[in-house]
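Single-letter residue listing:
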Amino acid sequence: MATCPRGCAPAVRLCQRLNRLKTLDGDMMATSLKRCLSTLDLTLMGVGGMVGSGLYVLTGTVAKDKAGPAVIVSFIFAGFASLLAAFCYAEFGARIPKTGSAYMFTYVSVGEVWAFLIGWNVILENMIGGAAVARAWSGYLDSIFNHAIQNFTETHIMQWNVPFLAHYPDLLAAGILIVASAFISFGVQVSSYLNHIFSTVSMCVIAFILVFGFMLADPTNWSQEQGGFAPYGLSGILAGSATCFYAFVGFDVIASSSEEAKNPQKAVPIATAISLGLAATAYILVSTVLTLMVPWRTLDPNSALADAFFRRGYSWAGIIVAVGSICAMNTVLLCNLFSLPRIVYAMAEDGLFFSIFARVNPLTKVPVNAILVFGVLMATLALIFDLEALVQFLSIGTLLAYTFVAASVIVLRFQPEKTNSKSTTSSSPNPNAELSPPPAESQTTAEDSEELKQYESFSDKLQLVERQKTGERHGVGQLKACWEPYLDRLLGDCEPGEVVAFSVMTLIVSAVSLCAVLEFGNDPLQLPVWSFSMLLVIFSLAFIFSLALIWIHEPQTNAKTFQVPFVPLTPGASILLNVFLMMKLTLLTWIRFTVWIAIGLLVYFGYGIWHSKEGLRDLQPKDMAARYVVLPSGSLVETVQNVQPDGQVVTSAHCIGSSTTPTAEESAEKR
């Protein structure tokens, strides 16, 4: 077996530290937070996170500038694309009911540094998103009073002309964020009650818009005289779908709340499906009403719904629409302020972020420090910054999180489940006890049939040993039985899940390459037709081959919690879509993303990597270590090592299944 040169050992250890996985406790329901959220609570949170100001602004913008009345089809495509990502979040939220959302899911299945970067981006995404919604809320309310608030601030307080800064301090936006943070710090039930109130009012206003709007509908607004149903063609519909996709990004608040749900295994998937269905239905029906009420060419992008009712002679209806819009923005604000502190809390709880944010108030059972500090930071952003130039930055963090969560679903689906226990307290060996080793030490080590095979978990490995003795090896992450005669010689020696992990990496690389060729091959690069076509074929085949290589392995079949259907096709399609949308972003967005990632790496290498609880767990001495040795004769020997306080190690061997089995020391000498 090839060994690593001594000079590269530090690099190997660093890679192991960067890619270490989070160890989950046996009791997944144990938490320092308060489990009090029902399925209804989670559903209304999801609806509130998705049906916000976009319903009142985005529908008119996409209809006028990109798709016309075919904005309906754009929302259908966008809803289906969001469903792919929502499936992945629902599986993880039900399977791992811990706060942290995409950060936690990546930490469990991909690695520590990747999880930190995902969490780092989600933090900025929520901060900018909340500040942007607060400024939109302030601007909408100010427009109702004929910009009296803005005029008073510029005249009596201050104004400035600095690039990337607002023309005046938006005190109203900062104030609403401070007030909302104070309410959320009172506990999850207070947040849930407020969200119930605002979501109920918002849905009542939507029902009013639909009923009254269909009464005013005029089918001639879809006629050829007005440009037809799809004036911009298929390209306009797809361009509109890319914009409409971001209207559904709020569903991840459900996964972030899974640690505070009463029954997350059932509530998270149900709430995700219902909230996404309600949001998609609302967007589709409101778009239908809007484009039937007035000609799509005459829509006002800033306040399409209110303006449509005003032009039809019902100005009083615009007041109702304004109330619904403000309530919808309030729900989005609450969801941002609810999700952000919990992601920060999860990172701090794992030691990757400053420990002050891991403190939970004993009365309210919420991370008050994280809520107040990041609420103030969000209010500061809304107070002084012109966030229009930063809003596009939101999409890259969301899409990157979606991509990693989809990849994590594939990796975790084809990995054998590991049982974990915090410590072993018995001084005498127990063959029926479940001993859980670190993942790196629990793998089979055997070069040929004459060598000893060592395991560190009796309960996890005994069944595999019996299978190998009888010639049956169809465990999770291994080749399916029908493919063994053809590929066993090539892939049979790989560890369970190893080929799948490599295939997922190939899948992402081929998706990035394929989307880059599609986006930049013709216009900026001006590749010849033969070169463009050849690259498309090569990267498409690589993507399909990666999916096929994953599919020929045995997946987990866990019927206890929700599972994404059609794996790896569903998460693979989600990865491809997310990467394609990321390629649509501007160069300036990628530059800002790179700068933020660099700052995050400084935080991680300056603090996180040294305080990681997984790193500290690896350094803790173990009171007892057990190994199970399979002899060439087929007998199983349990070797237990007791670590004494003075550092001495006492080893005892226990034979299982044979009275003539040599001891572990004799077996080692034979090796």
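For every chain, the first residue of its written sequence is number 1, and the numbers climb from 1 along that sequence. Only residues with pLDDT of 70 or above have their local features reported here, since the model is predicted, and side-chain atom pairs are shown and tallied only from 80 upward, although totals for entire chains, interfaces and linings are computed over all residues. Side-chain figures throughout are based on the complete set of non-hydrogen atoms in the structure, without hydrogens or water.

Per an unreviewed UniProt entry, the protein is named Solute carrier family 7 member 4, and its organism is Kryptolebias marmoratus.

**A short note on the overall build of the protein**
Only runs of H or I of at least four residues qualify as helices and only runs of E of at least two qualify as strands under DSSP, and these elements are numbered from the N terminus. Tallying secondary structure elements over the protein gives 24 helices and four strands in all. Evaluated residue by residue, the protein yields a buried proportion of 50% over its 671 residues. In the protein, once contacts between residues fewer than 6 apart in sequence are set aside, the share between residues at least 24 apart is 78%. All accessible-area figures derive from a Shrake-Rupley calculation using a 1.4 Å probe, and residue coverage is judged against the displayed protein chains alone. Surface exposure of the protein reaches about 30600 Å², of which carbon and sulfur atoms provide 64%. Relative accessible area decides the class of each residue, using a 1.4 Å probe on protein chains only: under 20% of the type maximum gives buried, over 50% gives exposed, and in between gives partly exposed. Any two residues having at least one pair of non-hydrogen atoms within 4.5 Å are treated as being in contact.

**Considering the packing of helix H3 (residues 53-67) against helix H10 (residues 233-244)**
Orientation is described by lines fitted to C-alpha atoms, with helices fitted over the stretch in contact, and by angles between N-to-C directions that extend from 0 to 180 degrees. Close contact between H3 and H10 brings their axes to 9 Å; oriented N to C, the two are set at 155°. In terms of their interaxial angle, H3 and H10 are classed as roughly antiparallel. Between H3 and H10 lies a crossing of right-handed hand. Within the contact between the two elements, H3 uses Leu58, Val62, Lys66 and Ala67 and H10 uses Gly236, Ile237, Ala239, Gly240, Thr243 and Cys244. Throughout this description, any angle smaller than 35 degrees is read as roughly parallel, any larger than 145 degrees as roughly antiparallel, any in the 65 to 115 degree range as roughly perpendicular, and the remainder as oblique. Helix crossings fall into two classes, left-handed where the near helix is turned counterclockwise from the far one by less than a right angle and right-handed where it is turned clockwise.

**Some thoughts on the side chain of threonine 288**
The residue threonine 288 is located in helix H12 (residues 264-293) in this model. Overall, threonine 288 belongs to the buried group, its relative accessible area being 12%.

**Thoughts on helix H13 (residues 304-311)**
H13 sits mainly inside the fold: six of its eight residues count as buried. If you check which residues of H13 are buried, you get Ala304, Leu305, Ala306, Asp307, Ala308 and Phe309. Those residues of H13 hidden inside the fold are in contact with H3, helix H6 (112-144), helix H9 (188-215), H12 and helix H14 (315-349). Looking one or two residues beyond H13, the residue adopting positive phi is glycine 313, at roughly 90°.

**With respect to the nonpolar core**
Residues enter a nonpolar core if they are buried and are Ala, Val, Leu, Ile, Met, Phe, Trp, Tyr or Cys, with the set joined through side-chain atoms within 4.5 Å. Counting residues in hydrophobic clusters, the biggest one holds 145 residues, and the most contacted among them are Tyr56, Tyr89, Phe248 and Phe353. With 17 residues, H6 is the largest single contributor of residues to this core. Residue ranges for the domains trace back to a domain assignment, done automatically or taken from a database. Each of domain 1 (33-415 + 556-616) and domain 2 (494-549) accounts for three or more of the residues forming this core. In contact with tyrosine 56, other than residues within four places in its own chain, are Ser202, Val205, Ile206, Ile209, Ser303, Ala304, Leu305, Val321, Gly324, Ser325 and Ala328.

**Some thoughts on the side chain of histidine 553**
Locating histidine 553 in the fold gives a position in the loop between helix H20 (529-551) and helix H21 (569-583). Within the local environment of histidine 553, its side chain forms a polar contact with the backbone oxygen of leucine 549, the two atoms lying 2.8 Å apart. Look past the residues within four positions of histidine 553 in its chain and what remains in contact with it is Phe414, Gly477, Gln478, Leu479, Lys480, Leu491, Val499 and Val500. For the purposes of these results, a polar contact is taken to be a pair of N or O atoms within 3.5 Å, where, inside protein, one atom must be able to donate a hydrogen and its partner to accept one; residues adjacent in sequence count only when each atom of the pair is a side-chain atom.

**Observations regarding unusual backbone geometry**
The omega torsion of the bond from valine 567 to proline 568 falls at 10°, within 30 degrees of zero and hence cis. Even without glycine at this site, lysine 365 takes up a positive phi of about 60°. On the secondary structure map, lysine 365 appears in the loop between H14 and helix H15 (368-384). Of the residues examined, lysine 365 reaches a relative accessible area of 33% and is grouped as partly exposed. Here the phi dihedral of phenylalanine 566 falls at roughly 60°; this positive angle occurs in a residue that is not glycine. If you trace the backbone, phenylalanine 566 turns up in the loop between H20 and H21.

**Focus on the packing of H6 against H14**
Contact geometry of H6 with H14 gives a least axis separation of 9 Å together with a crossing angle of 155°. It follows that H6 is roughly antiparallel to H14 by the angle criterion. The handedness of the crossing between H6 and H14 comes out as left-handed. We call Asp, Glu, Lys and Arg charged. Ala, Val, Leu, Ile, Met, Phe, Trp, Tyr, Cys and Pro are nonpolar, and the rest, Gly among them, are polar. Looking at the contact of H6 with H14, its residues break down into 22 nonpolar, eight polar and no charged.

**Some details on empty space enclosed by the protein**
A 1.4 Å probe that fits into a set of points on a 1 Å grid over the protein atoms alone but cannot get out defines a cavity; an open set with protein on both sides within 12 Å along at least five of seven lines defines a pocket, and lining residues are those with an atom within 4 Å of a point. Grid points are joined across faces, edges and corners, and a volume is the space filled by probe spheres set on the points. Going through the model one piece at a time under the given rule, you end up with five cavities of 30 Å³ or more. The wall of the largest cavity is formed by 14 residues, among which Gly477, Gln478, Leu479, Leu491 and Cys494 lie closest to the centre.

**Let's talk about the confidence of the model for the protein**
Each residue carries a pLDDT value, the predictor's own confidence for that position, ranging from 0 to 100. Averaged over every residue, the pLDDT of the protein is 81; residues scoring 70 or more account for 81%. Mean pLDDT across the elements of the protein ranges from a minimum in strand E1 (residues 453-455), with 44, to a maximum in H20, with 94. This stretch, residues 421-472, has a pLDDT under 50; its non-local contacts, to residues over four places away or in other chains, come to 87 contacts. Across residues 643-671, confidence stays below pLDDT 50; counting only partners more than four residues off in sequence or on other chains, it has 50 contacts.

**Side note on the pattern of salt bridges**
What makes a salt bridge here is a side-chain nitrogen of Lys or Arg within 4 Å of a carboxyl oxygen of Asp or Glu, nothing more. Evaluation of the coordinates by the stated rule reveals nine salt bridges. Two residues, glutamate 112 and arginine 20, come together in a salt bridge whose shortest N-O distance is 2.9 Å. Taken together, the residues glutamate 112 in helix H6 and arginine 20 in the loop between helix H1 (9-18) and helix H2 (39-50) connect sequence positions 92 residues apart. Classification of glutamate 112 by relative accessible area gives buried; the value is 0%. Judged by relative accessible area, which is 10%, arginine 20 ranks as buried.

**With respect to the packing of aromatic side chains**
Between two aromatic rings, the relevant description is the distance of the centres plus the angle of the planes. To pair, rings of Phe, Tyr and Trp, with the six-membered ring standing in for Trp, must have centres within 6.5 Å; the planes then decide the type, stacked if under 30 degrees apart, edge-to-face if over 60, and tilted in the middle. With the rule as written, the count across this model stands at 35 aromatic pairs. Ring centres of phenylalanine 353 and phenylalanine 357 lie 5.7 Å apart, and the angle between their planes is 20°; on these two criteria the pair is classed as stacked. Each of the two residues, phenylalanine 353 as well as phenylalanine 357, counts as buried. Look at tryptophan 483 and tyrosine 486: their rings are 6.4 Å apart centre to centre, the planes differ by 65°, and that puts the pair in the edge-to-face class. You can call tryptophan 483 partly exposed: its relative accessible area is 30%. Assessed through its relative accessible area of 64%, tyrosine 486 is described here as exposed.

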